[in-house]
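Per-entry structural report
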Amino acid sequence: MNSNCVIELNGIDKKYRQKKGFNKVLKNVNLKINKGEWIAVVGASGAGKSTLLNILGLLENPCRGTYLLDGREVPKKSKYRALLRANKFGFIVQEYALIEKYTVKENLMLPFEYNTVQKNTKLEKEALIKATLSLLNVDNKLDEYAYNLSGGQRQRVAIARALINNPDIILADEPTGALDKDTANLLIEELKKLKSFGKTILMVTHDNSLTQYADRVIEIKEGILLDKRDSIE
Ligand SMILES: Nc1ncnc2c1ncn2[C@@H]1O[C@H](COP(=O)(O)OP(=O)(O)O)[C@@H](O)[C@H]1O
Ligand SMILES: [Mg+2]
């Protein structure tokens, strides 16, 4: 097997029960992703893009098929899935999902609690938090409560939280959807940097101007995954 392959999906089906029968969202999805690849996922609203990302990020289980992460089948037990999720993935989503009554620093401490692979001292954690916030130009908000932040500041903090654990794989679901231009540019610059460090990036996007940064664009259409690798220069 190709040792460079971080993610391999084989024959993945996902369906949701609805009033009458099932809504088949993903049909026989096969996908191989190499370490360090930046993949853009496109498709109409409701096509199954977020479902695919949630399966990849171990937030949802497929109904059929296999998922190999670093060449090993992902665990079925939710406890082990949660551990793997916390240690391997960084999620950037449109809703910022910060804990409102926590300060920025407290929000950024959370990923360390779930991450059991990296063992950092309190000082190291604080240094990492400061450094990451400073990359995103919000280091002056360290002790501010989340509910006091503007939209752009929240998103910057949410991005910092996704990256603080130094995840191998970044899953971004329409990450620039709710951003002002400056924050969107900052995010793209940050993703470019992460790619240069060898991180793998999957980014769902509606925005055609963002697909240019991807190595490969895949489209989901009526549950079927179309790999457009050959159609891009
Ligand atoms: N938890 C769920 N329960 C039932 N149906 C769902 C659930 N999540 C998504 N769906 C349905 O699956 C389809 C694909 O959703 P989604 O993956 O969110 O699409 P996209 O992100 O491409 O807009 C939609 O028809 C949506 O209604
Ligand atoms: Mg979606």
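Here the residue numbers are simple positions, counted from 1 along each chain's written sequence. Whichever chain is written first becomes A and whichever ligand is written first becomes 1, with later ones labelled in order. Local features in a predicted model are, by the rule used here, given only for residues with pLDDT of at least 70; side-chain atom pairs are given and counted only at 80 or more, and totals for whole chains, interfaces and linings are based on all residues. Values reported for side chains reflect all heavy atoms of the structure, with hydrogen atoms and water molecules removed beforehand.

1. Description of the overall build of the protein
The helix and strand tally for the protein stands at 7 helices and 10 strands. Radius of gyration here is computed from C-alpha atoms only, and the compact-globule reference equals 2.2 Å multiplied by the residue count raised to the power 0.38. The globule rule puts the C-alpha radius of gyration for 233 residues at 17 Å, and the 18 Å found for the protein is close to it. Taking the principal axes of its C-alpha atoms as reference, the protein extends roughly 50 × 40 × 40 Å. Distance between charge centroids for the protein: 7 Å, based on 37 positive and 29 negative side chains. Helix numbers and strand numbers start at the N terminus; a helix is a DSSP run of H or I with at least 4 residues, a strand a run of E with at least 2. The charge count includes Lys and Arg as positive and Asp and Glu as negative, but it does not include His or the ends of the chains. Charge placement uses NZ in Lys and CZ in Arg. For Asp and Glu, CG and CD serve respectively.

2. Some points on the site of ligand 1
All residues in the neighbourhood of ligand 1 are listed as Tyr16, Asn23, Val25, Ala44, Ser45, Gly46, Ala47, Gly48, Lys49, Ser50 and Thr51. Pairs of N or O atoms are called polar contacts if they sit within 3.5 Å, as long as, within protein, a hydrogen donor faces a hydrogen acceptor (for residues adjacent in sequence, only side-chain-to-side-chain pairs). A distance of 2.9 Å is found between an oxygen atom of ligand 1 and a side-chain nitrogen or oxygen belonging to Ser50. Within the side chain of Thr51, one N or O atom sits 2.6 Å away from an oxygen atom of ligand 1. To be clear on the numbers: accessible area is Shrake-Rupley with a 1.4 Å probe, and residue cover counts the displayed protein chains and nothing else. If ligand 1 stood free it would expose 560 Å²; the protein chains cover 59% of that surface. Residue assignment for the shell around ligand 1 shows that the elements contributing at least two residues are strand E2 (22–34) and helix H1 (49–56). Element by element, the count of residues in the shell around ligand 1 is highest for H1, at 3 residues. Within the shell around ligand 1, the residues separate by chemical class into 4 nonpolar, 6 polar and 1 charged. Throughout, the term near means that a residue has one or more heavy atoms lying within 4 Å of the molecule or strand in question. Gly is placed with the polar residues, together with every amino acid not listed as nonpolar (Ala, Val, Leu, Ile, Met, Phe, Trp, Tyr, Cys and Pro) or charged (Asp, Glu, Lys and Arg).

3. Some details on the sheet that holds strand E8 (residues 200–204)
Here we have 6 strands laid out as an open sheet, ordered E6-E7-E8-E3-E9-E10, and mixed in their pairing. In this open sheet, the two strands that pair with only one neighbour each are strand E6 (89–92) and strand E10 (224–227). Shown here is a sheet whose adjacent strand axes are inclined to one another by a mean of 20°, direction ignored. Note: strand E3 (residues 38–42) against strand E9 (residues 216–221), 4 bridges, orientation parallel. Opposite Ile39, over in E9, you have Arg216 as the bridge partner. Note on contacts: a residue pair qualifies if any of its non-hydrogen atoms lie within 4.5 Å across the two residues. Structural elements are reduced to axes, namely lines fitted to C-alpha atoms, with helices fitted over the stretch in contact, and the angle between N-to-C directions of any two is expressed from 0 to 180 degrees. The strands that H1 touches are E3, E6, strand E7 (169–173), E8, E9 and E10; relative to E7, the one it contacts most, it runs at about 155°. Contacts from helix H5 (residues 151–163) reach E6 and E7, with the element oriented near 165° to E6. Only when DSSP finds a minimum of two bridges between them are two strands counted as paired.

4. A short note on the pattern of salt bridges
Just to be clear on terms, a salt bridge is a Lys or Arg side-chain nitrogen sitting within 4 Å of an Asp or Glu carboxyl oxygen. Counting across every chain of the model gives 13 salt bridges. Notably, a salt bridge pairs Glu190 with Lys193, separated by 3.4 Å at the nearest N-O pair. Residue Glu190 and its partner Lys193 are both found in helix H6 (residues 181–196); the two are separated by 3 residues, about one turn of the helix. The rule is simple: take the accessible area with a 1.4 Å probe, protein chains only, and divide by the maximum for that residue type; under 20% is buried, over 50% is exposed, in between is partly exposed. Relative accessible area serves as the criterion here: at 33%, Lys193 is assigned to the partly exposed category. Taking the shortest distance from any N to any O, the salt bridge between Asp227 and Arg216 comes out at 2.7 Å.

5. Re the sheet that holds E2
Spatially, E2-E1-E4-E5 is the arrangement adopted by the 4 strands of the open sheet, whose pairing is antiparallel. Whereas interior strands pair on both sides, the edge strands pair on one side only; in this sheet they are E2 and strand E5 (72–73). One ladder, built from 2 bridges, connects strand E4 (residues 64–69) with E5; its direction is antiparallel. The residue of E5 that forms the bridge with Leu68 is Glu73. Packing of H1 onto the sheet brings it into contact with strand E1 (5–17), E2 and E4, and relative to E1 it is tilted by some 125°.

6. Some details on the pairing of E1
Sheet topology places E1 next to E2; 9 bridges connect them, and they run antiparallel. Bridged to Glu8 within E2 is Lys32. Taken together, E1 and the strand that follows it, E2, pair antiparallel across an intervening segment of 4 residues, in which Gly21 is found at a positive phi of about 70°. Bridge count for E1 against E4 is 5 bridges, and the pairing is antiparallel. Bridged to Ile7 within E4 is Leu69.

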